[in-house]
Amino acid sequence: MMNNSTLFKALSGLALASVVTLSGCQKEDFMEEQFQTNAVQVNAQHGQAIPDQYIVVFKNGSNKLSSTGVSAMTIAGRSATVAMRERMLLATGIEREAIKQTFEGNVNGFAARLTKNQLEQLRNNPEVAYVEQDRIIMLAKPGTDNTTTKGNGGNTKGGTDTNTKGNGNGKKNTTEPTPEEPAPTEPTPTEPAPTEPTPSEPTPVEPIPVEPTPVEPAPTEPEQPTSAYTKITPLAGETLPWHIAMNGFGDGTGKTVWVIDSGVDTDHPDLNIDFQRSVSLIYGDASIEDGFGHGTNVAGIIAAKNNGTGMVGVAANASIVALRVFDNTGYGTVSRAISAVNYVNNMAKPGDVVNMSLGAGISSTLDNAVTAAASKGILFAIAAGNSATDCSVNSPARVNAVGVYTVSAMDRYQNFWASSNYGAPVDFAAPGVSATSTRIGGGIGSAGSGTSLAAPHVAGILLLRGEVFSQGTVNGDKDSWPDPIASVE
Ligand SMILES: [Ca+2]
Ligand SMILES: [Ca+2]
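Residues numbered from 1 in each chain as written. Chains lettered and ligands numbered in written order. Predicted model: local features only at pLDDT ≥ 70, side-chain atom pairs only at ≥ 80, totals over all residues. Heavy atoms only, no water.

The protein chain carries the name Peptidase inhibitor I9 in an unreviewed UniProt entry, which gives Pontibacter ramchanderi as its organism. Listed under Sequence similarities (unreviewed entry) in UniProt, the entry text for the protein chain is "Belongs to the peptidase S8 family." (UniProt positions renumbered as here; feature names shortened; annotations may be inferred.)

Take a look at the structure:
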């Protein structure tokens, strides 16, 4: 992570901090404005505020780190947070159906649809740190090459049918309601409430269907020092895409990558999926099956097996934990991404790697969640975004912290990709133009172009090495600091 841009990033971070240190109201205006500067060039939904839906963050008083740092919260800390939320929901009169996410981890709180009155009450609640607008993150359709500038997130570039809903190549049909609709698919919570039975309210405590239990992972793999990696020779029958060859690859067996995306193709023979810990963070949809294709593209570049078929990924055969936050149309929300990072924080161990080929406008909550998890030794590869702009206004790409790597995209000639975001937060460039990867439905094929495909190369390097090496710098970088080209060696 130490590279030429580090100093600049530190300085830039200070400047940015001074800009965003505003009062709550001003801050919201600022965020709105920041988003709108990009809105002209994004698709209709990407980055839009979800009407009346907010992320409510508690003051983190109850977030007790365990001594090992492996688990984010003690059972007591978790119970205290749940109890605090219950009191708050009751006092504010928030209906169960209005709740979209609950957070226990580095971020504590919830996301919900709120009336103006409820919003006002929560903003004035002394236990609430702040309230943030929830937003849509929209992935572009994977699999096509198109250098048209579009989207301000870390999404794979789509073609002319970018973000067209329900075009039928997914395994499942569209399930996500449009943001204006009050989410009719969400089931009534059924989990019983052992923690704090409210006398008048028999409703269960835990409203979300997928609640990670803060189980301590088996301490089989201690914090990974930088180390030699195991080289491999692709077996007969394997394709070695140009970008994997350029980047470098090795044996990722025994390593774990957490892929926050649209799920994965669960029966793809080239992917080693950790079904035990994979989970959907989509309220009311427990499936981790990738119906969109983006997550399966990302997973293959990171970790496709050396199994004599398909392709070889950067950290071949690494274990993939799919955290599904995008539905089969590519629709996701900032609050889901926060939940996913919280989940990682609660479940992952130091040396594990997280890939986030996603992004939107500024979300302090998402940024803070990433920073907090990284402070425990969990490593992040984050796409810079595809809008040909400075990613200092994109979360989580703008996060500047040890262990957090923001990645721009380049082509096979090591030329900076025209639509790649740039700027001080970028740590490395990696291949992301005309890439090949695993596809939903089986096999491999074109994954198109985008920083979404560049970040997974760095994720793979992190799995193998615990840090990122580089070979030269990219040509034609759009800022004054040519990004070092990420490499296994
Ligand atoms: Ca293979
Ligand atoms: Ca640069």
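Asks: Help me out: how do you make sense of the overall build of the protein chain in this one?
Replies: Looking only at helices and strands, one finds nine helices and 18 strands in the protein chain. With an accessible surface of roughly 17200 Å², the protein chain has 55% of that area assigned to carbon and sulfur atoms. (Helix = DSSP H or I, 4+ residues; strand = E, 2+ residues; numbered from the N terminus. Areas by Shrake-Rupley, 256 points an atom, 1.4 Å probe, with all protein chains shown as cover.)

Asks: Help me understand the packing of aromatic side chains, please; the structure alone is not making it clear to me.
Replies: Two aromatic rings are characterised by how far apart their centres lie and by the angle between their planes. All told, the structure shown has three aromatic pairs when counted by the stated rule. Between the aromatic rings of F58 and F110, the centroid separation amounts to 6.1 Å while the plane-to-plane angle is 65°, which identifies the pairing as edge-to-face. With a gap of 52 residues between them, F58 in strand β1 (residues 49-58) and F110 in strand β3 (residues 109-113) connect regions that are remote in the sequence. With relative accessibility at 2%, the residue F58 sits in the buried group. (Phe/Tyr/Trp six-rings, centres within 6.5 Å; stacked < 30°, edge-to-face > 60°. Buried < 20%, exposed > 50% of the residue type's maximum accessible area, 1.4 Å probe, protein only.)

Asks: What exactly am I supposed to notice about the pairing of strand β15 (residues 435-438) here?
Replies: Side chains on a regular strand alternate between the two faces of the sheet. Here β15 pairs with strand β16 (residues 444-448) via four bridges, running antiparallel. From the neighbouring strand, T436 faces β16, where its bridge partner is S446. From the end of β15 to the start of β16, which pair antiparallel, there are five residues, and G441 there has a positive phi angle of about 95°. (Pairing = 2+ DSSP bridges.)

Asks: What should I look at first to understand the coordination of the calcium ion (ligand 2) in this one?
Replies: The reference angle at a metal is 109.5 degrees if four donors form a tetrahedron and 90 or 180 degrees if six donors form an octahedron. At this site the calcium ion (ligand 2) is bound by D477 (OD), D477 (OD), D479 (OD), D479 (OD), W481 (O) and D483 (OD), with donor distances of 2.3 to 3.1 Å. Bound by six donor atoms, the calcium ion (ligand 2) shows angles of 45 to 168° at the metal and therefore irregular coordination geometry. Of note, the donors binding the calcium ion (ligand 2) are all from one chain and are spaced D-x1-D-x1-W-x1-D. (Donors = N, O, S within 2.8 Å, 3.2 Å for Na, K, Ca; no water. Tetrahedral: all angles 85-135°; square planar, octahedral: opposite > 155°, others 65-115°.)

Asks: What should I look at first to understand the sheet that holds β3 in this one?
Replies: Remark on secondary structure: sheet strands pair via backbone hydrogen bonds, oriented parallel or antiparallel. Strand order in the open sheet formed by five strands is β2-β3-β1-β4-β10, with antiparallel pairing between adjacent strands. Looking at strand neighbours, the two that pair on one side only are β2 (99-103) and β10 (331-333), the edges of this open sheet. Strand-to-strand, the axes of this sheet are offset by a mean angle of 20°, without reference to chain direction. Of the strands in this sheet, β1, β3 and β4 (128-138) are in contact with helix α4 (residues 116-123), which crosses β4 at around 130°. (Axes fitted to C-alpha atoms, helices over the stretch in contact; angles between N-to-C directions. Contact = heavy atoms within 4.5 Å.)

Asks: Would you explain the coordination of the calcium ion (ligand 1) in this entry?
Replies: Around the calcium ion (ligand 1), the donor atoms from the protein are E238 (OE), E238 (OE), D270 (OD), D270 (OD), K305 (O), N307 (OD1), T309 (O) and M311 (O), and they sit 2.2 to 3.0 Å away. Donor residues for the calcium ion (ligand 1), ordered by position in the chain, follow E-x31-D-x34-K-x1-N-x1-T-x1-M. Of this pair, E238 sits in the loop between β4 and α5 (242-247) while T309 sits in the loop between α6 (294-303) and β8 (315-316), and the two are 71 residues apart along the sequence. For E238, a relative accessible area of 13% puts it in the buried group.

Asks: What am I meant to see in the nonpolar core here?
Replies: The nonpolar side chains of a soluble globular protein tend to be buried, and buried together. One finds I302, I320, V458, L462 and V468 to be the most contacted residues of the largest nonpolar core, which totals 48 residues. Elements with a minimum of two residues in this core: β6 (256-261), α6, β8, β9 (319-324), β12 (379-383), β13 (404-410), β14 (426-431) and α9 (451-465). Looking at this core, the element that brings in the most residues is α9, giving nine residues. Contacts of V468, omitting those with residues within four sequence positions, involve Y405, F428, V458, I461, L462, A486 and S487. Core analysis: the second largest hydrophobic core is formed by 43 residues, I137, A373, V404 and V426 among them. (Core = buried A, V, L, I, M, F, W, Y, C linked by side-chain atoms within 4.5 Å.)

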